[in-house]
Amino acid sequence: MLLIMQATKDQQASLTQIKKRSDFLKIQSKGRKWVSHGLIVQTAPNEDDIKRIGYTVSKRVDKSAVKRNRIKRRLRAVAADVLPTGAMNGQDYILVGRPASATRSYETLCEDLRWCLRKMGLEAKTP
RNA sequence: UCAGAAGAUUGGACGGCCGCUUGCGCUCUAUAUUUAUAUGGGGUGUGAGAGGAAAGUCCGGGCUUCAUGGAAAGACGGUGCCGGGCAACCCCCGGGCGGCGCGAGUCGAUGGACAGUGCAACAGAAAGUAUACCGCCGAUGGCUGUUUCUCUCGAGAAAGCAGCACAGGUAAGGAUGAAAGGGUGCGGUAAGAGCGCACCGCGUCUUUGGUAACAAAGAUGGCACGGUAAACCCCGCCGGAAGCAAGACCAAAUAGGAACCGCAUAUGGGCAUUUUCCGGCUCGUGGUUCGGGUUGGUCGCUAGAGCAGCUCAGUAAUGAGCCGCGCAGAUGAAUGGUCGUCGCUUCUUCGGAAGUACAAAACCCGGCUUAUAGAUUUUCUGAUAUU
RNA sequence: UGGGGUAUAGCCAAGCGGUAAGGCACCGGGUUUUGAUCUCGGUAUCCCUGGUUCGAAUCCAGGUACCCCAG
């Protein structure tokens with residue numbers, strides 16, 4: 001158990017964040033999208049052999065800044081648990097929040113993300 | 001006990017696992033060299049890490065830039081009872097006046113309507129220098145008739161009565177309306193009327209109390225002076241504009257341009273907005289076409305009109321003094337994710353179940369406004385019961 | 001983050017203190033054998049809550065929703 005945690009932490013270092021608005025727009029227009037109850041995943045391949053990740057929670061999801069921040073933090077926790085071991089390298093991932101992201105239980109939210117990745121054929125085989 | 005009024009405080013607690021930002025210490029590593037420091041990247045230990053409204057962005061300041069200092073007037077915008085507080089304020093405290101409430105209290109953009117202009121639909125006789133109309137009266141004058149008297153029997157004169165509504169008097173009444181040019185009562189009159197009187201209201205003057213707003217008392221006038229300024233406006237006071245994505249620095253890259261035309265060439269032009277005056281700075285300027293650039297980092301960035309306690313002054317807002325504290329600084333944006341136990345509230349079939357507010361810093365302060373589950377607490381008012 | 005704007009019937013909208021115009025759509029009646037056309041009528045919490053005023057869609061204050069601009 002402890003070894004797995006250690007590996008996870010090393011993998012998380014390879015996750016870099018998408019920060020520029022132009023990158024978000026490029027991925028949204030050229031990439032692929034899969035929708036689940038808890039969240040939406042948008043992906044596009046990149047040149048380097050790393051995983052990049054971004055989060056989008058717009059004002060349309062919820063008016064309250066408190067609830068939007070909570071959704072964003074939950075997505076960040078889910079991504080930190082699932083993506084390092086469960087997704088392929090060389091891809092950009094954007095997680096888009098939905099109203100249900102705040103109320104859905106943590107386990108089902110993780111399952112939603114894995115289901116989206118599996119449907120798009122980007123699931124990495126866990127060793 | 002019930003029903004209220006005005007404040008004040010607080011805004012769940014503990015633990016396991018996994019994380020984030022940042023200050024400091026230790027340590028590893030890369031680069032630069034003045035071989036011990038600087039900068040960058042990691043590891044580890046330890047400390048700190050959302051609010052009463054952080055919100056709305058409605059006011060007032062600090063700070064920064066606009067090269068730029070002062071004075072006057074105008075425009076535009078804001079503000080408006082009096083006194084005090086504050087760095088300042090559309091803020092706060094106390095008081096006056098008016099509305100509401102049995103009361104504790106509460107609400108009020110609360111200067112000026114003899115500086116001027118405007119507005120009041122519909123209804124109503126009339127909506128503002130009141131009186132045209134209906135109505136009432138017709139005392140007085142006029143006309144007509146009648147009675148009495150005189151008489152030259154034609155008529156005349158005087159007084160009384162009746163009528164007409166011609167001159168005129170009047171504003172009590174006239175269904176309205178938010179508002180009708182003082183109100184109620186008595187007298188008075190031809191009918192009436194502040195025409196007279198009493199009380200109330202209003203204006204003016206004086207005195208007293210109060211720093212003042214204003215209040216009270218007395219005298220006097222005889223009603224003259226209606227409403228609306230969150231209509232224009234007048235008067236007093238205040239205000240240059242834009243905002244930390246302000247702005248400063250570093251690195252990289254690019255450019256320090258070209259052509260044509262017009263004006264001006266220093267007694268001139270420009271320097272934010274309307275004009276003028278004084279002072280200061282700067283030197284070519286305007287248009288069209290072609291060409292080039294529009295990234296990253298650091299600082300600004302948190303010690304400030306700061307917070308807590310005590311004493312003194314003050315009705316209070318607040319001020320003064322003493323003592324203590326060190327308290328977020330992110331930038332696709334940290335301050336958490338998840339699991340468990342316990343509080344609190346409601347429901348309960350007594351096993352439990354559901355809920356646990358509003359709302360998250362973004363340069364920083366002082367206010368205002370709006371949202372807010374619940375909990376604790378102080379003072380006061382009214383009603384009922386008991387003593 | 002800062003700056004600015006709009007809200008009137010299902011839709012497009014006029015109105016600037018005194019009865020909420022108009023068009024399209026919808027509903028009902030008439031005309032027609034029936035339908036279209038035509039014709040008559042109906043349909044409004046003036047975004048919400050207070051205030052000023054005799055009276056507010058309009059003036060003032062606070063709030064809500066939506067939209068635009070700078071970068």
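Residues numbered from 1 in each chain as written. Chains lettered and ligands numbered in written order. Predicted model: local features only at pLDDT ≥ 70, side-chain atom pairs only at ≥ 80, totals over all residues. Heavy atoms only, no water.

### Let's talk about a positive patch on the surface
A cluster of basic residues, Arg70, Lys72, Arg73 and Arg76, forms a positive patch at the surface. Among the secondary structure elements, arginine 73 is positioned in helix α3 (residues 65-86). Of the residues examined, arginine 73 reaches a relative accessible area of 52% and is grouped as exposed. (Patch = residues over 30% accessible without salt bridge, like charges linked within 9 Å, V, L, I, M, F, W, Y side chains within 5 Å. Areas by Shrake-Rupley, 256 points an atom, 1.4 Å probe, with all protein chains shown as cover. Salt bridge = Lys/Arg side-chain N within 4 Å of Asp/Glu carboxyl O. Lys, Arg positive; Asp, Glu negative; His and termini not counted. Charge placed at Lys NZ, Arg CZ, Asp CG, Glu CD. Helix = DSSP H or I, 4+ residues; strand = E, 2+ residues; numbered from the N terminus. Buried < 20%, exposed > 50% of the residue type's maximum accessible area, 1.4 Å probe, protein only.)

### What about α3?
The first and last C-alpha atoms of α3 sit 30 Å apart over 22 residues, in line with the 32 Å expected at 1.5 Å per residue. Roughly 35 degrees is the biggest bend found in α3, and it falls at alanine 79. Along α3, the positions that sit buried rather than exposed are Arg68, Ile71, Arg74, Leu75, Val78, Ala79, Val82, Leu83, Pro84 and Gly86. (Expected span 1.5 Å × (residues − 1). Bend = angle between axes of the 7 residues up to and from the residue.)

### Thoughts on the pattern of salt bridges
Counted by the stated rule, this structure contains 2 salt bridges. The partner of arginine 104 in a salt bridge is aspartate 112, with the nearest N and O atoms 2.7 Å apart. A residue is classified by how much of its surface remains accessible, and aspartate 112, at 10% relative accessible area, is buried. Residue glutamate 111 pairs with arginine 114 through a salt bridge whose shortest N-O separation is 3.2 Å. Placement of the pair is glutamate 111 and arginine 114 together in helix α4 (residues 106-119), with a separation of 3 residues, close to one helical turn. The class of glutamate 111 is partly exposed, set by a relative accessible area of 41%.

### Describing the pairing of strand β4 (residues 51-56)
Note that β4 and strand β5 (residues 91-97) share 5 bridges and pair parallel. Looking at the pairing, isoleucine 53 lines up with tyrosine 93 of β5. (Pairing = 2+ DSSP bridges.)

### Notes on the packing of α3 against α4
For the pair α3 and α4, interaxial distance at closest approach is 10 Å and the crossing angle is 50 degrees. Judged by the inter-axis angle, α3 sits oblique to α4. The interaxial crossing formed by α3 with α4 has right-handed handedness. Between α3 and α4, the contacting residues are Arg74, Ala77, Val78, Ala79, Asp81, Val82, Leu83 and Gly86 on the first element and Tyr106, Leu109, Cys110, Leu113, Arg114 and Leu117 on the second. Class assignment for the residues of the contact of α3 with α4 results in 10 nonpolar, 1 polar and 3 charged. (Axes fitted to C-alpha atoms, helices over the stretch in contact; angles between N-to-C directions. Parallel < 35°, antiparallel > 145°, perpendicular 65-115°, else oblique. Left-handed = near helix turned anticlockwise from the far one by under 90°. Contact = heavy atoms within 4.5 Å. Nonpolar A, V, L, I, M, F, W, Y, C, P; charged D, E, K, R; others polar.)

### Observations regarding the confidence of the model for chain A
Residues with a pLDDT of 70 or more make up 82% of chain A, whose mean pLDDT is 74. Within chain A, the lowest mean pLDDT, 35, falls on helix α1 (residues 2-13), and the highest, 86, falls on α4. (pLDDT = per-residue confidence, 0-100.)

### Remarks on the environment of alanine 65
Inspection of the secondary structure puts alanine 65 in helix α3. Each C-alpha atom of the pair alanine 65 and lysine 26 lies 26 Å from the other, and the pair is 39 residues apart in sequence.

### Quick look at the packing of aromatic side chains
Inspection of every chain in the model, using the stated rule, returns 1 aromatic pair. Here tryptophan 34 and tryptophan 115 contribute two aromatic rings whose centre-to-centre distance is 6.4 Å and whose plane-to-plane angle is 70 degrees, an arrangement assigned as edge-to-face. One end of the pair, tryptophan 34, is in strand β2 (residues 32-35); the other, tryptophan 115, is in helix α4, and 81 residues separate them in sequence. Tryptophan 34 sits in the partly exposed class, given a relative accessible area of 31%. Judged by relative accessible area, tryptophan 115 falls into the partly exposed class, the value being 34%. (Phe/Tyr/Trp six-rings, centres within 6.5 Å; stacked < 30°, edge-to-face > 60°.)

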